[in-house]
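Chains, contacts and geometry: an overview
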Amino acid sequence: GAVVSQHPSRVICKSGTSVKIECRSLDFQATTMFWYRQFPKQSLMLMATSNEGSKATYEQGVEKDKFLINHASLTLSTLTVTSAHPEDSSFYICSTSSGGPNEQFFGPGTRLTVL
Amino acid sequence: KQEVTQIPAALSVPEGENLVLNCSFTDSAIYNLQWFRQDPGKGLTSLLLIQSSQREQTSGRLNASLDKSSGRSTLYIAASQPGDSATYLCAVRRNAGNMLTFGGGTRLMVKP
């Protein structure tokens, strides 16, 4: 399967700061990337779908001005959590797809802790 | 709206047992269904992908079946090992696009 990396793997920040998380598709061109959030002992919830070169599509209840997504190339998508609050503390996971109803490949996740 | 349910939520078995994890979904119009494994604090590892036209897929000690009409899938793990301990997630790809909807997962503990 495809190799997907995320950076950083773990980040701790103060409330009110912004945090950027990178998702890279290392061995194929990802036309679509997905960002998920996972709270402790819960399943993954899709936050947004990121298409290269166009605006991301956000799921209902996800604030697009708070969770900024940039998919500027076929190998990189970034998620920026702006003005982070403790309730944003979560495990953020990205996945990539080459398009169509094909298998998705997931990154290792980023653990965000907001103090 | 597609809803995916996994039963049981948690399962503890002795090493060597064969076990079945269940996944059900409310909208049978799916492209495919995928089973994942997630270790604590880690990302997801894809185990098996079943296309909507398929009935089952096998990989080693794992066998996944799909009954699309009844909205069910099962993951069968043969001769379980302590290394199988993890959370198992099923996810369905909805008809209208490439989005995955996940179930709540089954936390499996295999005791030596």
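Higher on the page you've got the structure.
The structure reproduced in this document is the subject of the present report. Here the structure is a predicted model, which means the values were calculated and not measured.

**Some words on the overall build of chain B**
A count of helical and extended segments in chain B gives zero helices and 11 strands. Moving toward the C terminus, one meets the helices and strands of chain B in the order β-β-β-β-β-β-β-β-β-β-β. Compactness check: chain B gives a C-alpha radius of gyration of 13 Å against a globular reference of 13 Å for 112 residues, within 12% of the reference. By its C-alpha atoms, chain B is 45 × 30 × 20 Å across when sized along the principal axes. Taken across its 112 residues, chain B has 44% of its residues classed as buried. Nonlocal contacts in chain B, meaning residues at least 24 apart in sequence, comprise 54% of its contacts between residues at least 6 apart. For chain B, the accessible area works out to roughly 5300 Å², and carbon and sulfur atoms hold 48% of it. Once the 11 positive and 8 negative side-chain charges of chain B are each reduced to a mean point, those two points are 6 Å apart.

**Digging into the sheet that holds strand S6 (residues 56-59) of chain B**
All names here are of chain B. Read from one edge to the other, the open sheet built from five strands follows the order S1-S3-S8-S7-S6, with strand pairing classed as antiparallel. In this open sheet, the two strands that pair with only one neighbour each are strand S1 (4-7) and S6. Pairwise comparison of adjacent strand axes, ignoring direction, gives a mean angle of 15° for this sheet.

**Some words on the environment of B:Leu44**
Inspection of the secondary structure puts B:Leu44 in strand S5 (residues 44-51). With relative accessibility at 8%, the residue B:Leu44 sits in the buried group. It is 9.2 Å that separates the C-alpha atoms of B:Leu44 and B:Tyr88, two residues lying 44 residues apart in sequence. Excluding residues within four positions of it along the chain, B:Leu44 makes contact with A:Leu44, A:Ile93, A:Phe106, A:Gly107, B:Phe36, B:Arg37, B:Gln38, B:Leu89 and B:Phe102.

**Quick notes on the nonpolar core**
Core analysis: the largest hydrophobic core is formed by 25 residues, its most contacted members being A:Trp35, A:Phe67, A:Leu79, A:Tyr92 and A:Leu112. Of all elements in the fold, only strand S2 (10-13), strand S3 (19-25), strand S4 (32-38), strand S5 (45-51), strand S7 (67-73), strand S8 (76-81), strand S9 (90-97) and strand S11 (110-114) of chain A reach the threshold of two or more residues within this core. For this core, the element with the highest residue contribution is S3(A), accounting for three residues. Apart from residues no more than four positions distant in its own chain, A:Phe67 is found in contact with A:Arg37, A:Met47, A:Tyr58, A:Val62, A:Leu79, A:Thr80, A:Val81, A:Asp88 and A:Tyr92. Listed in part, the 22 residues of the second largest apolar core include B:Trp35, B:Ile50, B:Cys90 and B:Val92.

**Looking at the packing of aromatic side chains**
The final tally for this structure, using the stated rule, is six aromatic pairs over all chains. When the centroid spacing of 5.6 Å and the interplanar angle of 40° are considered together, the rings of A:Tyr36 and A:Phe106 count as tilted. Of this pair, A:Tyr36 sits in strand S4 while A:Phe106 sits in strand S10 (residues 105-106), and the two are 70 residues apart along the sequence. The buried category is assigned to A:Tyr36, whose relative accessible area is 0%. Residue classification places A:Phe106 among the buried positions, given a relative accessible area of 9%. On the basis of an interplanar angle of 40° and a centroid distance of 5.7 Å, the ring pair of B:Phe36 and B:Phe102 is categorised as tilted.

Thresholds applied
Residues numbered from 1 in each chain as written. Chains lettered and ligands numbered in written order. Predicted model: local features only at pLDDT ≥ 70, side-chain atom pairs only at ≥ 80, totals over all residues. Heavy atoms only, no water. Helix = DSSP H or I, 4+ residues; strand = E, 2+ residues; numbered from the N terminus. Rg over C-alpha atoms; globule rule 2.2 N^0.38 Å. Buried < 20%, exposed > 50% of the residue type's maximum accessible area, 1.4 Å probe, protein only. Contact = heavy atoms within 4.5 Å. Areas by Shrake-Rupley, 256 points an atom, 1.4 Å probe, with all protein chains shown as cover. Lys, Arg positive; Asp, Glu negative; His and termini not counted. Charge placed at Lys NZ, Arg CZ, Asp CG, Glu CD. Pairing = 2+ DSSP bridges. Axes fitted to C-alpha atoms, helices over the stretch in contact; angles between N-to-C directions. Core = buried A, V, L, I, M, F, W, Y, C linked by side-chain atoms within 4.5 Å. Phe/Tyr/Trp six-rings, centres within 6.5 Å; stacked < 30°, edge-to-face > 60°.

Scope: geometric values only; no functional claims are made or implied.
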